[in-house]
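Fold and contact review
Take a look at the letters that make up each chain.
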Amino acid sequence: MSPGESAAQRDVVDDELHAAALTVARNAYRPYSGLGVGAAATASDPGGGGSRIVTGCNVENASYGLTLCAECSLVSDLHRTGGGRLLELVVVTDTGDPLAPCGRCRQLLHEHGGPGLVVHTARGVVRLDELLPDAFGPGDLG
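Computed from a predicted model, the values in this text were never measured in an experiment.

Pairing analysis gives four bridges linking strand E4 (residues 118-121) to strand E5 (residues 124-127), with the strands arranged antiparallel. If you follow valine 119 over to E5, its bridge partner there is valine 126. In this structure, the hairpin formed by E4 and E5 is closed by a connection of two residues.

Below you can see the structure in the form of structure tokens.
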């Protein structure tokens, strides 16, 4: 919880994120696996004027390696809507079951949310640095 945020307010945000992720999971393009995945996150507004929800769903391809994960789609939505930083993330199947981001997506999320990104998983809420310890980032490039 952020300072000044009540447990009830926290539950509303959690419910909104889960509902948004479930909605987009059901819109996923999944003709091969049949698995719809949706991601929803709160994101900071670049100008510091609050936050918004960004979403993404998986988009499969006959060449499985070219499939886009829901988290990739979510990062695209983050930048399509003005940028900022990811703050809190929920990823679910089209039946509402929680999923953890794959390794590739953890790296992508690190770049756009950082180690403190809050991630909802089947085992509870964790920070991204627990899912991706010692992450490689922009600071390691030069």
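On we go.
To continue, consider the nonpolar core. Leu74, Leu86, Leu89, Leu117 and Val119 are the most contacted members of the largest nonpolar core, which totals 18 residues. Those elements that place two or more of their residues in this core are strand E1 (37-44), helix H2 (70-80), strand E3 (86-93) and helix H4 (128-131). Apart from the residues lying within four places of it in its own chain, the contact partners of leucine 89 are Ala39, Ala40, Ala41, Leu74, Pro101, Leu109, Leu117, Val118, Val119 and His120. With seven residues, the next largest nonpolar core counts Leu17, Ala20, Ala21 and Leu22 among its residues.

The next subject is the layout of surface pockets. Of the pockets and cavities examined, the second largest pocket occupies roughly 220 Å³. Lining the second largest pocket are 16 residues; nearest its centre among them are Leu35, Val37, Asn58, Cys69 and Ala70.

Thresholds applied
Each chain carries its own residue numbering, running from 1 in the direction its sequence is written. Thresholds applied to this predicted model are a pLDDT of at least 70 for local features of residues and 80 or more for the giving and counting of side-chain atom pairs; totals over whole chains, interfaces and linings are not thresholded and use all residues. Neither water nor hydrogens contribute to the side-chain values; these are computed over all heavy atoms in the structure. A strand pair is defined by DSSP finding two or more bridges across the two strands. Helix and strand definitions here come from DSSP, where helices need a minimum of 4 consecutive H or I residues and strands a minimum of 2 consecutive E residues; each element is numbered from the N-terminal end. Among buried residues, the Ala, Val, Leu, Ile, Met, Phe, Trp, Tyr and Cys ones that are joined through side-chain atoms within 4.5 Å form a nonpolar core. The cut-offs for exposure are 20% and 50% of the maximum accessible area for each residue type, with area from a 1.4 Å probe on protein chains only; residues under the lower value are buried, those over the upper are exposed, and the others partly exposed. Contacts were defined at the residue level, with two residues in contact if any of their heavy atoms lie within 4.5 Å. Here a cavity denotes grid points, spaced 1 Å and computed from the protein atoms alone, that fit a 1.4 Å probe unable to get out, and a pocket denotes an open set having protein on both sides within 12 Å along at least 5 of 7 lines; residues with an atom within 4 Å of a point are the lining. Grid points are joined across faces, edges and corners, and a volume is the space filled by probe spheres set on the points.

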